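# Structural characterization, general
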Amino acid sequence: MTIYLFYFLSFLAILCGLMVILEKNPIHSVLYLVITFFAIAGHYILLNAQFLAAVHIIVYAGAIMVLFLFVIMLLNLNKETEPHKPIAVKFAAVISAGILLIVLVGALRSTNSLPAPETINTDMGLVKNLGKVLFKQ
């Protein structure tokens, strides 16, 4: 059951992350970013890191996104006054993004896979264990 929830949250985070980029209205883009932050916090909860999830929601969705919305609403975003970029700049941006994607895919292919679920310490990330240092001897 939790693996399906993990897949759903992953799909939701990726979909809303794409909508942040593709959305024309900046207010809708920020709201999709808030949904993305909540999906990432759901991942933290599934990974048994409740404190990190709470801090993520409080700091990012609570404080930073309010500032983003405040600034966007104060700006006058008229399309007539926005400078249009030349086609060469847009082409260079697409080429740079493609090269970055190739580098990221190459870096991810060379990484090792995650350990088996039996070897993961389930006490990590709990609020009761904050400040404890675990050493392997």
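Everything that follows concerns the structure shown earlier in this document.
No experiment lies behind these values; they were computed from the predicted model shown.

## With respect to the overall build of the chain
The number of helices and strands found in the chain is four helices and zero strands. Its helices and strands taken in sequence order, the chain reads α-α-α-α from the N to the C terminus. Here the chain holds 137 residues, and the buried ones make up 15% of them. Residue pairs at least 24 apart in sequence account for 55% of intrachain contacts in the chain once pairs closer than 6 positions are excluded. Summed over its atoms, the accessible surface of the chain is roughly 11,300 Å², and 74% of this surface lies on carbon and sulfur atoms.

## As for the packing of helix H2 (residues 26-46) against helix H3 (residues 50-74)
At a minimum axis distance of 9 Å, the contact between H2 and H3 shows a crossing angle of 175°. Relative to H3, the element H2 is oriented roughly antiparallel. On the side of H2, the interface is formed by Pro 26, Ile 27, Val 30, Leu 33, Val 34, Phe 37, Phe 38, Ile 40, Ala 41, Tyr 44 and Ile 45, while H3 contributes Leu 52, Ala 53, His 56, Ile 57, Tyr 60, Ala 61, Met 65, Phe 68, Leu 69, Ile 72 and Met 73. The residue makeup of the contact of H2 with H3, split by class, is 21 nonpolar, one polar and no charged.

## Re the nonpolar core
Nonpolar side chains in soluble globular proteins generally cluster together in the buried interior. Residues Val 30, Val 34, Phe 37, Ala 61, Met 65 and Ile 72 constitute the largest nonpolar core, which totals six residues. Contributing elements (two or more residues each) for this core: H2 and H3.

## Examining the packing of helix H1 (residues 2-22) against H2
Two elements in contact, H1 and H2, have axes whose closest approach is 8 Å; the angle formed by their N-to-C orientations is 155°. In terms of their interaxial angle, H1 and H2 are classed as roughly antiparallel. In terms of crossing hand, the pair formed by H1 and H2 is left-handed. Note on element contacts: H2 touches H1 through Ser 29, Tyr 32, Leu 33, Ile 35, Thr 36, Ala 39, Gly 42, His 43 and Leu 46, opposite Thr 2, Leu 5, Phe 6, Leu 9, Ser 10, Leu 12, Ala 13, Cys 16, Gly 17, Met 19 and Val 20. Residues that form the contact of H1 with H2 fall into these classes: 13 nonpolar, seven polar and no charged.

## Re unusual backbone geometry
For Asn 48, which is not a glycine, the phi torsion comes out positive at approximately 65°. Assignment of secondary structure puts Asn 48 in the loop between H2 and H3.

What counts as what
Residues numbered from 1 in each chain as written. Predicted model: local features only at pLDDT ≥ 70, side-chain atom pairs only at ≥ 80, totals over all residues. Heavy atoms only, no water. Helix = DSSP H or I, 4+ residues; strand = E, 2+ residues; numbered from the N terminus. Buried < 20%, exposed > 50% of the residue type's maximum accessible area, 1.4 Å probe, protein only. Contact = heavy atoms within 4.5 Å. Areas by Shrake-Rupley, 256 points an atom, 1.4 Å probe, with all protein chains shown as cover. Axes fitted to C-alpha atoms, helices over the stretch in contact; angles between N-to-C directions. Parallel < 35°, antiparallel > 145°, perpendicular 65-115°, else oblique. Nonpolar A, V, L, I, M, F, W, Y, C, P; charged D, E, K, R; others polar. Core = buried A, V, L, I, M, F, W, Y, C linked by side-chain atoms within 4.5 Å. Left-handed = near helix turned anticlockwise from the far one by under 90°.

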